[in-house]
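Next come the chains, spelled out residue by residue.
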Number of protein chains: 2
Amino acid sequence: MTRVTMLSGGVGGAKLVLGMERLLGDDGKVTAIVNTGDDFRHLGLAISPDIDTLLYTLSGKSNVAQGWGRADETWSFLQAVRSLSGEDWFALGDGDLALHVLRTAALAKGEPLSQIVARFAASWGIATRILPMTDDGVATWIDSPEGPLAFQEYFVARRCEPAVRAIRFDGAEAAAPAPGVIDAIETADLVVIAPSNPYLSVDPILAVPGIRQALGDTPARVVAVSPVMNGQAFKGPTAKLMGELGLPVTSATIAAHYAPFLNVMIVDHDDEIGDQGVEIVRTDIAMSTLDQKVALARTILDSCLR
Amino acid sequence: MTRVTMLSGGVGGAKLVLGMERLLGDDGKVTAIVNTGDDFRHLGLAISPDIDTLLYTLSGKSNVAQGWGRADETWSFLQAVRSLSGEDWFALGDGDLALHVLRTAALAKGEPLSQIVARFAASWGIATRILPMTDDGVATWIDSPEGPLAFQEYFVARRCEPAVRAIRFDGAEAAAPAPGVIDAIETADLVVIAPSNPYLSVDPILAVPGIRQALGDTPARVVAVSPVMNGQAFKGPTAKLMGELGLPVTSATIAAHYAPFLNVMIVDHDDEIGDQGVEIVRTDIAMSTLDQKVALARTILDSCLR
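Residues numbered from 1 in each chain as written. Chains lettered and ligands numbered in written order. Predicted model: local features only at pLDDT ≥ 70, side-chain atom pairs only at ≥ 80, totals over all residues.

Participant: How should I be thinking about the nonpolar core in this particular structure?
Facilitator: Among soluble globular proteins, nonpolar side chains are generally buried collectively. In terms of nonpolar packing, the biggest core is built from 196 residues, with A:Met6, A:Val17 and B:Val17 touching the most fellow members. Ignoring any residue separated from it by four or fewer positions in sequence, one finds B:Val17 in contact with B:Met6, B:Ser8, B:Val30, B:Ala32, B:Leu54, B:Leu58, B:Thr128 and B:Ala194. (Core = buried A, V, L, I, M, F, W, Y, C linked by C-beta atoms within 7 Å. Buried ≥ 20, exposed ≤ 12 C-beta atoms within 10 Å, placed from the backbone. Contact = placed C-beta atoms within 7 Å.)

And the structure:
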């Protein structure tokens, strides 16, 4: 039984988690520790974008073409909200609302997010254990020339246009890892940091007290898959953001970012990364198809598992 | 400018309000004082069934064939709730959710229901003033052989099957009429009690302190349209419920129920109602078509307005 624990943001991370889950099948157990710094309230509803991307991806419900939300979604709610002059900058699909409404109701009754997510995952027959990084409130804020922006305001409403000067994780210092998070890192056979945005998606996880320490202490090797190569990001605002933070957009920068606990860096075949004092594994990093996702997971296991 | 104030429950009342609004046009103003005893929380959402039936009916959005909810509704939310093992006994349509989500968020911010409803009505260009009977919480409870049942449990989940022994309006004694309610009764040219269920839909309105008094004091004539004739109700559980309460299913029973403030009773042509000490107007009470709704409103105005 191979136990693989993965740190993940949204879409990119979910792809690799899916590949690992399908690769291991009944011979292993994947635990995904997921960023909740993007979580926010919209129209009073508690929304957990990265958690939900994992739920949709692993249950086969994700809208792959769109890159977020559910496949076969309808939009009657949003249309009616518009007709009532309600806020419509965050697109809530009709089916998607079920997660938000049920989560909001359960949180109001005092159920921790980790239990709620476990129930949702069980209802949808998901094999991977999906753990929010914390059951406490942590909110990612972007410091920009326009002042502080809540994450979704920066990411969705402003489409990542404002320059990022700094990133803060409000509430992180007082947060505790969700039940099972530290244990999943300490008892794993391999820890994989998915190719999610290191600064927006992985750093919030690392900001929860105890997680960084566990990554340093775990006897398992810690592997990161680079989200960039030769000045370009595979997706999203990673490259733009690194430039704004004054960082070279290279896998070397990512390796240095994770240096205190990193054992292996997975980079693309053509990536020009020099000697980083960390083991480098070269492979094909693209994850468009399920086969590619599984192949990347296999390369990671074959080259890093001891 | 003819001012007509109407007391209304859901579907039946909304039909007559619509007829009156269309009849008066720019020459008058309809105010509907609407039952909120059916209001409840479902999945954490604040639902106001009768208010929403007025909103849908008067904006042309109601599903006439189904008898409740929106036309052209989709059901992705309910399907997803089922897949997550959530409660599905109360059918929430995707478009319908907009009212509930926006209302819940606004209530949480402290906005009174009457203001929220006024905003919704304005967004949809509704001419009639829709007033909840109160901004306070009033909940209709049914005493049955099985014990007390919350209204929606009796009405929707149990489809009115349990026998009704008594009906209570929890919170009514401490409730205040919503702003404008008393004034709308006192300054009306005519007050019309719609053919809604007297015990389940109109009595909660009458239970709000001050409303019954205002109906007795208003210089306007108070007219009721009978929801029954010769032992049968035009719709819904009215006849079954009257039988369970030991009441003859006749317009005479209804007239007696409203006796303290009633001036005119509108009954069907073929209704066998004896001398009730109240003026009787006979007409065609069916309101299937818009023409019938307007015709009934016209008969009421022509025969009762002074």
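Participant: Sorry, what's going on with the packing of helix H1 (residues 11-24) of chain B against helix H12 (residues 290-304) of chain B here?
Facilitator: Geometry of a packed helix pair, given as the angle between the helix axes and the separation of the axes. Residues and elements named next belong to chain B. Close contact between H1 and H12 brings their axes to 8 Å; oriented N to C, the two are set at 75°. Considering the angle they form, H1 stands roughly perpendicular to H12. Packed against H1, whose contacting residues are Lys15, Leu16, Leu18, Gly19, Met20, Arg22 and Leu23, the element H12 presents Leu290, Lys293, Val294, Leu296, Ala297, Arg298 and Leu301 at the interface. Looking at the contact of H1 with H12, its residues break down into 9 nonpolar, 1 polar and 4 charged. (Axes fitted to C-alpha atoms, helices over the stretch in contact; angles between N-to-C directions. Helix = DSSP H or I, 4+ residues; strand = E, 2+ residues; numbered from the N terminus. Parallel < 35°, antiparallel > 145°, perpendicular 65-115°, else oblique. Nonpolar A, V, L, I, M, F, W, Y, C, P; charged D, E, K, R; others polar.)

Participant: Honestly, the sheet that holds strand S7 (residues 147-150) of chain B in this entry has me stumped. Any pointers?
Facilitator: For sheets, the rule is that strands pair by backbone hydrogen bonds, running either parallel or antiparallel. All names here are of chain B. What the 3 strands build is an open sheet, ordered S7-S6-S8; its pairing is antiparallel. Two strands close off the open sheet at either side, each with one partner strand: S7 and strand S8 (166-170). Pairs of neighbouring strands in the sheet enclose a mean axial angle of 30°, with direction left out of account. As defined by bridge partners, strand S6 (residues 139-144) adjoins S7 across 4 bridges and the pair is classed as antiparallel. Note on S7: the bridge partner recorded for serine 144 is glycine 147. (Pairing = 2+ DSSP bridges.)

Participant: Sorry if this is basic, but what is going on with unusual backbone geometry here?
Facilitator: The phi torsion of most residues other than glycine is negative, and most of the peptide bonds are trans. Phi is positive for A:Arg159, which is not a glycine, with a value near 50°. By the element assignment, A:Arg159 lies in the loop between helix H6 (151-157) and strand S8 (166-170).

Participant: Before we go on, may I ask you to explain the sheet that holds strand S14 (residues 279-283) of chain A in this structure?
Facilitator: Residue and element names in this part refer to chain A. Read across the sheet, 7 strands follow the order S5-S2-S1-S9-S10-S13-S14 without closing on themselves; strand pairing throughout is parallel. Both outer strands of the open sheet, strand S5 (129-132) and S14, are each paired with one neighbouring strand and no more. Between one strand axis and the next, the sheet turns through 25° on average, direction left out of account. Judged from the 4 bridges that link them, strand S1 (residues 2-8) and strand S9 (residues 190-193) form a sheet pairing that is parallel. Bridge pairing in S9 places methionine 6 opposite valine 192.

Participant: What is the right way to look at the interface of chain B and chain A in this model?
Facilitator: In many reports, interface size means the accessible area that the parts give up when they come together. Across the contact, 26 residues belong to chain B and 26 residues belong to chain A. Those elements that provide at least two residues to the side of chain B that touches chain A are helix H3 (76-83), helix H4 (96-108) and helix H5 (113-123) of chain B. Sorting elements by how many residues they give to the side of chain B that touches chain A places H4(B) first, with 7 residues. Among the residues making up the side of chain B that touches chain A, the classes are represented as 14 nonpolar, 10 polar and 2 charged.

Participant: When you look at the relation of the copies chain B and chain A in this model, what are you seeing that I'm missing?
Facilitator: Each of the two chain copies can be brought onto the other by rotation about an axis and movement along it. Rotating chain B by 180° about the axis while translating it 0.0 Å along that axis superimposes it on chain A, leaving an RMSD of 0.0 Å. As the rotation angle and translation indicate, the two copies are arranged about a two-fold axis. Relative to the rotation axis, the C-alpha of B:Asp94 is the closest in chain B, positioned 2.8 Å from it. Interface residue correspondence from chain B to chain A reaches 100%, placing this contact among same-surface, isologous pairings. (Least-squares fit on C-alpha atoms with pLDDT ≥ 70 in both.)

Participant: Sorry if this is basic, but what is going on with the pairing of strand S2 (residues 28-34) of chain A here?
Facilitator: Successive side chains on a regular strand alternate, one facing one side of the sheet and the next facing the other. Residues and elements named next belong to chain A. Within S2, 5 of the 7 residues are buried, which leaves the element mostly enclosed by the surrounding structure. Where S1 and S2 come together, 7 bridges link them in parallel fashion. Within S2, the position partnered with arginine 3 by the bridge is lysine 29. For the segment spanning S1, helix H1 (residues 11-24) and S2, crossover handedness is right-handed. Bridging between S2 and S5 involves 4 bridges; their strand directions are parallel. Within the sheet, the bridge partner assigned to alanine 32 lies in S5 and is isoleucine 130. (Right-handed = clockwise from strand over helix to strand, strands pointing away.)

Participant: Explain the environment of B:Thr53 here, please?
Facilitator: Residue and element names in this part refer to chain B. With respect to the helices, strands and loops of the structure, threonine 53 is situated in helix H2 (residues 49-58). Once the C-alpha coordinates of threonine 53 and serine 114 are considered, the two residues, 61 residues apart in sequence, prove to be 15 Å apart. Ignoring sequence-local partners within four residues, the contact set of threonine 53 consists of Gly10, Val11, Ala14, Ser62 and Trp68.

Participant: Please clarify how H12(B) should be interpreted in this entry.
Facilitator: Helical geometry note: an α-helix holds 3.6 residues per turn, so side chains three or four residues apart project in the same direction. Residues and elements named next belong to chain B. Compared with the 21 Å implied by 1.5 Å per residue over 15 residues, the 21 Å span of H12 between its first and last C-alpha is a close match. Within H12, burial applies to Lys293, Leu296, Ala297, Ile300 and Cys304. The arc enclosing the buried residues of H12, seen along the axis, measures out at 95°, which places them on a common side. Set apart from the buried face of H12 by more than 90 degrees, the exposed residues are Asp291 and Asp302. Those residues of H12 that are buried are in contact with H1, strand S9 (190-193), strand S10 (221-225), strand S13 (264-268) and strand S14 (279-283). (Expected span 1.5 Å × (residues − 1). Arc of directions from axis to C-beta.)

Participant: Help me understand the pairing of strand S6 (residues 139-144) of chain A, please; the structure alone is not making it clear to me.
Facilitator: Residues and elements named next belong to chain A. By the bridge criterion, 5 bridges tie S6 to S8 in an arrangement that is antiparallel. Each residue of the ladder has a partner; that of isoleucine 142, found in S8, is isoleucine 167. Connecting S6 to the next strand, strand S7 (residues 147-150), in antiparallel fashion are 2 residues.

Participant: Would you explain the environment of A:Asp284 in this entry?
Facilitator: Mapping A:Asp284 onto the fold places it in the loop between S14 and helix H12 (290-304). Expressed as a C-alpha distance, the spacing of A:Asp284 and A:Ala295, which sit 11 residues apart in the sequence, is 8.6 Å.

Participant: Which parts of the structure should I look at to understand H1(B)?
Facilitator: Residue and element names in this part refer to chain B. The terminal C-alpha atoms of H1, which comprises 14 residues, lie 20 Å apart, in line with the 20 Å expected from a rise of 1.5 Å per residue. Buried residues dominate H1, accounting for 13 of its 14 residues. Following H1 by one or two positions, glycine 25 has its phi on the positive side, about 55°.

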